[in-house]
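# Summary of structural features
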Amino acid sequence: MPNASSWSASSPLLLLWEDSSGTHIFLSLLYAVLAISGTLSNVMVIYLVFSFKKLQTTSNAFIVNGCAADLSVCALWMPQEAVLGLLPPNSSSLRSAEYRLLRGGLLGLGLTVSLASHLLVAFNRYVLITKLPSVYQALYQRRHTGCMIGLSWALALLLVPLLPGLWTPGSAQQPPPRGPDGSSRYTALLLALAVLGQTALLLHCYLGIVRRVRGSAKRVSVLNFHLLHQLPFPAAPPPPRRAQRRLSSVSVLLLCCVFLLGTQPLVWVSLLGFFLRPAPPALQAASWLLLCALSALNPLLYTWRSEEFRRAARSVLP
């Protein structure tokens, strides 16, 4: 049986290959819980948006796009990891290159579109709250919105085949042909820099929203991020009270904190492995698990403060 360091080097996506059967069971149960909860929450958000006309807004279109991508991780990839974690290391499923490529493709496709959807939602809200209504109306026409969503999937479909080593775990018995100084290290560096850039843009958008909410009143209900359905906008409501502005800022900052917690560990683990030395196997495993767990949390992040979503959910749930 391979030791922890050799397994981590050859298979960064699977959690550690420990000798303890209790660890196998715990990790498989964790993946199973994330798979079930993430699948149910993502399906619920998609169903609510398609069923209730009030929820069919531009921002919710990007949220639904992210939920569809997260289903690739929660409904297709995580259940396989839960089952494979219980198999012996010499299982034919673990050694099958084609099967590993399929799992890696599902994970890469889902995570790429999901991260792109985070940025699309943030930019949409930033333009809505900080720019003139005419700018928002011109930028987010139905055709433009569809093109943005299509580009997120086209980018993912382009990157997954070009960077198979990033998403496809190697075999425990047969380490990858390239050493630690090969192109796989540069691929991981590229991933880290891409996520860092996406995070910087997302934080710029949300911090701009916070400054706008704290500094002035906007003709949008910023408290719940409830996007208006018809333009031009009606008369501006009175400025939100101080408590409302504070609650809006806390909601935005909480969303940013959860996003940073899910993405940044993998970024810094990848940078540490490229410039200094590989991180401990447990840290590598935890960073990947946090990033994948974000797919199960995304629906709650974007809907828990929306009264329209809560009202729609109460109408369909017993």
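On a predicted model such as this, the values are computed, not experimentally measured, just so you know. (Residues numbered from 1 in each chain as written. Predicted model: local features only at pLDDT ≥ 70, side-chain atom pairs only at ≥ 80, totals over all residues. Heavy atoms only, no water.)

### Things to note about the overall build of the protein chain
- Scanning the protein chain from terminus to terminus reveals 12 helices and zero strands.
- N-terminal to C-terminal, the α/β element order of the protein chain is α-α-α-α-α-α-α-α-α-α-α-α.
- Looking at the 318 residues of the protein chain, the share that counts as buried comes to 48%.
- Within the protein chain, counting contacts between residues at least 6 apart in sequence, those at least 24 apart form 79% of the total.
- Entry remark: accessible area of the protein chain is about 16,000 Å², with carbon and sulfur atoms responsible for 69%. (Helix = DSSP H or I, 4+ residues; strand = E, 2+ residues; numbered from the N terminus. Buried < 20%, exposed > 50% of the residue type's maximum accessible area, 1.4 Å probe, protein only. Contact = heavy atoms within 4.5 Å. Areas by Shrake-Rupley, 256 points an atom, 1.4 Å probe, with all protein chains shown as cover.)

### Concerning the nonpolar core
- Core analysis: the largest hydrophobic core is formed by 61 residues, its most contacted members being Trp77, Met78, Leu107, Tyr206, Trp288 and Tyr302.
- Every element with two or more residues in this core is listed here: α2 (21–51), α3 (58–84), α5 (97–130), α9 (183–215), α10 (242–275), α11 (281–303) and α12 (307–316).
- Each residue touching Tyr302, except ones within four places of it in the same chain, is listed here: Ile63, His118, Val121, Arg125, Tyr206 and Leu255.
- Core analysis: the second largest hydrophobic core is formed by five residues, Ala69, Leu109, Val113 and Val160 among them. (Core = buried A, V, L, I, M, F, W, Y, C linked by side-chain atoms within 4.5 Å.)

### Describing a nonpolar patch on the surface
- A cluster of nonpolar side chains, contributed by Ile25, Leu29 and Leu86, occupies part of the molecular surface with about 300 Å² of accessible area.
- Looking at the secondary structure, you find Leu86 in the loop between α3 and α4 (92–95). (Patch = residues over 30% accessible without salt bridge, like charges linked within 9 Å, V, L, I, M, F, W, Y side chains within 5 Å. Salt bridge = Lys/Arg side-chain N within 4 Å of Asp/Glu carboxyl O.)

### A few points about the packing of aromatic side chains
- Evaluated as defined, the whole model comprises four aromatic pairs.
- When the centroid spacing of 6.1 Å and the interplanar angle of 70 degrees are considered together, the rings of Phe62 and Tyr140 count as edge-to-face. One end of the pair, Phe62, is in helix α3; the other, Tyr140, is in the loop between α6 (133–139) and α7 (142–162), with 78 residues separating them in the sequence. With respect to class, Phe62 is no different from Tyr140; both count as buried.
- Measuring from centroid to centroid gives 5.0 Å for Tyr136 and Tyr140, while their planes differ by 35 degrees, and the two rings are tilted.
- For Tyr140, a relative accessible area of 7% gives the class buried.
- Chaining the aromatic ring pairs together yields one cluster made of Phe62, Tyr136 and Tyr140. (Phe/Tyr/Trp six-rings, centres within 6.5 Å; stacked < 30°, edge-to-face > 60°.)

### Re the packing of α5 against α11
- Closest axis-to-axis distance for the α5/α11 pair is 11 Å, and the angle between their directions is 45 degrees. Classified by the angle their axes make, α5 and α11 are oblique. Like other packed secondary-structure pairs, α5 and α11 cross with a definite hand, here left-handed. For the pair α5 and α11, the contacting residues are Leu107, Leu111, Ser114, His118, Val121 and Arg125 in the first and Trp288, Leu291, Cys292, Leu294, Ser295, Asn298 and Tyr302 in the second. (Axes fitted to C-alpha atoms, helices over the stretch in contact; angles between N-to-C directions. Parallel < 35°, antiparallel > 145°, perpendicular 65-115°, else oblique. Left-handed = near helix turned anticlockwise from the far one by under 90°.)

### Considering the UniProt feature "transmembrane region" (unreviewed entry) in the protein chain
- As annotated in UniProt, the feature "transmembrane region" (unreviewed entry) corresponds to residues 25–50, 62–80, 100–123, 144–167, 187–209, 250–276 and 282–304 in the numbering used here.
- From the first C-alpha to the last, residues 25–50 spans 37 Å; its make-up is 100% helix and 0% strand.
- End-to-end, the C-alpha atoms of residues 250–276 are 36 Å apart, and along that stretch the chain is 96% helix and 0% strand. (UniProt positions renumbered as here; feature names shortened; annotations may be inferred.)

### Description of α12
- Listing the buried residues of α12 in full gives Glu308, Phe309, Ala312 and Ala313. Down the axis, α12 shows its buried residues gathered within 130 degrees of arc, on one side only. (Arc of directions from axis to C-beta.)

### Re α11
- Between the first and last C-alpha of α11 there are 35 Å, a value that for 23 residues agrees with the 33 Å anticipated at 1.5 Å per step.
- Bending of α11 peaks at approximately 50 degrees at the position of Leu297, with proline Pro299 no more than four residues after it. (Expected span 1.5 Å × (residues − 1). Bend = angle between axes of the 7 residues up to and from the residue.)

### So, the pattern of salt bridges
- Evaluation of the coordinates by the stated rule reveals five salt bridges.
- The salt bridge involving Glu307 is made with Arg311; its shortest N-O contact spans 3.7 Å. With Glu307 and Arg311 both in helix α12 and four residues apart, the pair spans about one turn of that helix.
- Taking the relative accessible area as the measure of exposure, Glu307 reaches 26% and is therefore partly exposed.
- The class for Arg311 is partly exposed, based on a relative accessible area of 40%.
- Here Glu308 ties to Arg311 by a salt bridge, and the two come within 3.2 Å at their closest N and O atoms. Taken as a pair, Glu308 and Arg311 lie in helix α12 at a separation of three residues, close to a single helical turn.

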